[in-house]
Amino acid sequence: AMSDPLELGVALALMLFLAQSSSVYGSLKIPWGSPLEDLLQLSTIFTLDLHSTHLDCTFEVDLFGQYLIGSLMPLLVILIYLVAALVIPRIFDRRDAPLRCWNAVGLIFQTFFTGILLHGIRPFILHEQLSGKHSIPGLPGVVLESPEHLPFAVVGAMHLLFYGGGFLAYSA
């Protein structure tokens, strides 16, 4: 017998949450060894790490542009659902559409909350280079206290404040 679609959706959301949580462990500088290290590295695709998509090669987007796109993606989802909440009741006479859309946004943010926060905190997690300088993991050219680091830090702080604080305020 087929299971209820709601049960399937909840199970998939929990698996996504597990994968996002695993990516936190994968970002630590611990030699996990294979195959665990490979699985933890694979789990990073469930976060907002656009660096692995190689947008710089395809669309000529620099590293900061990729980070900014990742920060704007959740806002784009909110705007899409906001438009749907405004349009659906007028076209299909569904008066509960705004509530359903708002509920969907809450469920999406609950599911991706770990990945969203990981994206925002990324400029503040620094690894020490051989030269003694500290840089963002995966971005050795973005060194702490350099002109390149400041835009990442500003967007990261706004990202955490808007999405992290906003979701926590919404959930309270």
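Residues numbered from 1 in each chain as written. Predicted model: local features only at pLDDT ≥ 70, side-chain atom pairs only at ≥ 80, totals over all residues. Heavy atoms only, no water.

Draft legend 1. Highlighting helix α5 (residues 97–121). With 25 residues, α5 extends 34 Å from end C-alpha to end C-alpha; this agrees with the ideal 36 Å at 1.5 Å per step. Along α5, the largest kink reaches about 65° and is centred on Phe112. (Helix = DSSP H or I, 4+ residues; strand = E, 2+ residues; numbered from the N terminus. Expected span 1.5 Å × (residues − 1). Bend = angle between axes of the 7 residues up to and from the residue.)

Draft legend 2. Geometry of unusual backbone geometry. Following Ser34, the chain continues into Pro35 via a peptide bond in cis, with omega recorded as 5°. Inspection of the secondary structure puts Pro35 in the loop between α1 (5–26) and α2 (36–42). If you check the backbone angles, Asp93 has positive phi at about 55° while not being a glycine. Here Glu145, not a glycine, exhibits a phi torsion of approximately 65°, which is positive. Summarising the element assignment, Glu145 is placed in the loop between β3 (139–143) and α6 (149–171).

Draft legend 3. Main features of the packing of aromatic side chains. For the coordinates displayed, the defined rule picks out 3 aromatic pairs. Between Phe64 and Phe152 the ring centres are 5.4 Å apart and the planes differ by 80°, which places this aromatic pair in the edge-to-face class. Here Phe64 is found in helix α4 (residues 63–92), whereas its partner Phe152 is found in helix α6, with 88 residues between them in sequence. A relative accessible area of 4% places Phe152 in the buried class. For the pair Tyr67 and Phe152, a centre-to-centre distance of 5.5 Å together with 50° between the ring planes defines the contact as tilted. Of the two residues, Tyr67 sits in helix α4 while Phe152 sits in helix α6, which places them 85 residues apart along the sequence. Its relative accessible area of 3% is what places Tyr67 among the buried residues. Ring pairing ties together the aromatic residues Phe64, Tyr67 and Phe152, which thus form one cluster. (Phe/Tyr/Trp six-rings, centres within 6.5 Å; stacked < 30°, edge-to-face > 60°. Buried < 20%, exposed > 50% of the residue type's maximum accessible area, 1.4 Å probe, protein only.)

Draft legend 4. Focus on the pattern of salt bridges. Summed over the entire model, instances satisfying the criterion amount to 2 salt bridges. The residue Arg94 makes a salt bridge to Asp96 at a minimum N-O spacing of 3.5 Å. Across the pair Arg100 and Asp96 runs a salt bridge whose closest N-O atoms are separated by 2.6 Å. The class of Arg100 is exposed, set by a relative accessible area of 52%. Given a relative accessible area of 27%, Asp96 falls into the partly exposed group. (Salt bridge = Lys/Arg side-chain N within 4 Å of Asp/Glu carboxyl O.)

Draft legend 5. Spatial organisation of the sheet that holds β3. In space, the 3 strands of this open sheet follow the order β1-β2-β3, with antiparallel pairing throughout. Each edge of the sheet is formed by a strand with only one pairing partner; in this case those strands are β1 (127–128) and β3. By the bridge criterion, 2 bridges tie β1 to strand β2 (residues 134–136) in an arrangement that is antiparallel. Note on β2: the bridge partner recorded for Glu128 is His134. Of the strands in this sheet, β2 and β3 touch α6, which is tilted by about 90° from β3. (Pairing = 2+ DSSP bridges. Contact = heavy atoms within 4.5 Å. Axes fitted to C-alpha atoms, helices over the stretch in contact; angles between N-to-C directions.)

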